[in-house]
Amino acid sequence: MNNIQEKLILTSSNYHSNEANQQYLSVSQFKNFMECEAKAMAKLSGAYIEPSSNALIVGSYVHAALESDEAFRQFVEENNGAIFKARGGKYSDFELADKMIEVLKNDKFAIFALEGEKEQIYTAHLFGTDWKIKVDSINHQRRTFTDLKTTQELHKRYWSTKYDEWVSFVEAWDYVLQMAVYRRILEENLGYTYTPYIVAVSKENHPNKAVLHFDESRFAFEYEYLEMKMERVLAVKSGKEQPRRCEKCDYCRSTKLLKDTMEIGELIHV
């Protein structure tokens, strides 16, 4: 990227654009680099467009409903074909999503936790680069910010190679890292430490819900992890280093060319 390029002023309409992603790092982009450098770079260049999953659309549907009536109406209009059957009625995933929305809207504490300004954009220079974030809900009076998350089950556990132990969905999907970055960027912009929360709702027939907080000690590990990984991420993103292929993701599978044999033990250790 040309260092003298004028910095893009971020808005809701260009926040997810390739230009914004090339100029700024986001938590989701950092996670892309951790999963597969080759795929991350292909997405940045526009050579690969990740197909939208139904789970992602359902999550965005729930987010829009809790953001505002206007945002929800707009989302439904733009995704009408994915939500409604040709013969009428909603697909089962969105009928379940309506239950998830109802469960949250009928819970005073969940709504209290989500009170604040919606979808606010902030930027800051951290760990050697410029970052961008979009905060679901931020409450300046309480100095809190809240992210809405959907998950399969609240109490399901996952094995994490990063933490080398069984963890919850919050650690498994790097939401602790996300909250750590958001917390630091808000502090850079606002001069105060804002307290993060997650409002979680499950995709079960009878949705479960919780408002989650974080022990302070969790963030120190995430900042150390970022410090350890950022040199490589920035070297690859700037073109100084060639991206490594994971040979497991959808991008690598679709572009894979065989050059040699593989001993069977490598199937589970690569």
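What counts and what doesn't
Residue indices begin from 1 for each chain and proceed along its sequence in written order. The predicted nature of this model means local features are confined to residues of pLDDT at least 70 and side-chain atom pairs, given and counted, to a pLDDT of 80 or more, with totals for whole chains, interfaces and linings taken over all residues. Hydrogens and water molecules were not included; the side-chain quantities draw on all heavy atoms of the structure. Any Lys or Arg side-chain nitrogen found within 4 Å of a carboxyl oxygen on Asp or Glu counts as a salt bridge. Throughout this description, buried means an accessible area under 20% of the type-specific maximum (1.4 Å probe, protein chains only), exposed means over 50%, and partly exposed covers the range between. Numbering of helices and strands runs from the N terminus; a helix is a DSSP stretch of H or I covering at least four residues, while a strand is a stretch of E covering at least two. Paired strands are those between which DSSP finds at least two bridges. Fitting a line to C-alpha atoms yields each axis, with helices limited to the stretch in contact; the angle taken between N-to-C directions then spans 0 to 180 degrees. Nonpolar core, defined: a set of buried Ala, Val, Leu, Ile, Met, Phe, Trp, Tyr and Cys residues in which side-chain atoms within 4.5 Å join the residues together. Throughout, a residue-residue contact means that at least one pair of heavy atoms, one from each residue, lies within 4.5 Å. A cavity, in this analysis, means grid points on a 1 Å lattice covering only the protein atoms where a 1.4 Å probe fits yet has no way out; a pocket is instead an open set bounded by protein on both sides within 12 Å along at least five of seven lines, and a residue lines either one if it has an atom within 4 Å of a point. Grid points are joined across faces, edges and corners, and a volume is the space filled by probe spheres set on the points. Throughout this description, any angle smaller than 35 degrees is read as roughly parallel, any larger than 145 degrees as roughly antiparallel, any in the 65 to 115 degree range as roughly perpendicular, and the remainder as oblique. Lys, Arg, Asp and Glu make up the charged group, whereas Ala, Val, Leu, Ile, Met, Phe, Trp, Tyr, Cys and Pro make up the nonpolar group; the residues left over, Gly among them, are polar.

Enquirer: Explanation requested: the pattern of salt bridges in the structure shown.
Expert: A side chain with one charge may pair with a side chain of the opposite charge, provided their charged atoms come close. Applying the stated rule across the entire model yields 15 salt bridges. Lys 149 is paired through a salt bridge with Asp 147; the nearest N and O atoms lie 2.6 Å apart. Considered together, Lys 149 and Asp 147 belong to a single accessibility category, that of buried residues. Between Lys 162 and Asp 174 there is a salt bridge; the shortest N-O distance is 2.6 Å. Placement of the pair is Lys 162 in the loop between strand S4 (158-160) and strand S5 (165-167) and Asp 174 in the loop between helix H9 (169-172) and helix H10 (175-190), with a sequence separation of 12 residues. Residue Lys 162 is classed as partly exposed on the basis of its relative accessible area of 21%. The class of Asp 174 is buried, set by a relative accessible area of 11%. A single network of salt bridges, built from pairs that share partners, joins Lys 39, Lys 43, Glu 50 and Asp 250.

Enquirer: Would you take a moment to explain the sheet that holds strand S3 (residues 144-151) for this structure?
Expert: For sheets, the rule is that strands pair by backbone hydrogen bonds, running either parallel or antiparallel. Taking strand neighbours across the sheet as the criterion, the five strands line up as S1-S2-S3-S6-S7 in an open arrangement whose pairing is mixed. Looking at which strands have only one partner, the edges of the open sheet turn out to be strand S1 (117-126) and strand S7 (209-212). Taking the axes of each pair of neighbouring strands and ignoring which way they run, one obtains an average angle of 35° across the sheet. Where S1 meets strand S2 (residues 129-139), nine bridges bridge the pair, whose relative direction is antiparallel. Paired with Lys 118 across the strands is Ser 137, a residue of S2.

Enquirer: I tried to follow the nonpolar core on my own but got confused; where do I start?
Expert: Side chains of nonpolar character tend, in soluble globular proteins, to be buried together. With 41 residues, the main nonpolar core has Phe 30 and Trp 131 as its most contacted residues. Elements represented by at least two residues in this core include exactly helix H2 (27-35), helix H3 (37-45), S1, S2, H9, H10, strand S6 (195-202) and helix H11 (217-237). In terms of residue count, the dominant contributor to this core is H10 (nine residues). Apart from residues lying up to four places away in sequence, Phe 30 is in contact with Leu 25, Trp 131, Leu 177, Tyr 225, Leu 226, Lys 229, Met 230 and Val 233. In terms of nonpolar packing, the next biggest core, distinct from the first, is built from 22 residues, Phe 75, Ala 97, Leu 148 and Val 199 among them.

Enquirer: Just to check I follow, could you spell out empty space enclosed by the protein for this structure?
Expert: It is the rolling of a water-molecule-sized probe over the atoms that shows where space remains empty. Per the stated rule, a full pass over the model turns up one cavity of 30 Å³ or more. If you go around the largest cavity, the residues you meet are His 63, Leu 66, Glu 67, Leu 114, Lys 118, Glu 119, Asp 136, Ser 137 and Leu 148. Elements that contribute at least two residues to the lining of the largest cavity include exactly helix H4 (54-67), S1 and S2. Here the lining of the largest cavity takes three residues from H4, the largest share from any one element.

Enquirer: Would you explain the packing of H4 against helix H5 (residues 69-78) in this entry?
Expert: Two numbers describe a pair of packed helices, the interaxial angle and the distance between the axes. Where H4 contacts H5, the axes come no closer than 6 Å and their chain directions differ by 150°. Comparing the axis directions of H4 and H5 gives the class roughly antiparallel. Residues Ile 57, Ser 60, Tyr 61, Ala 64, Ala 65 and Glu 67 of H4 form the contact with H5, whose own contacting residues are Ala 71, Phe 72, Phe 75 and Val 76. Its residues assigned to classes, the contact of H4 with H5 shows eight nonpolar, one polar and one charged.

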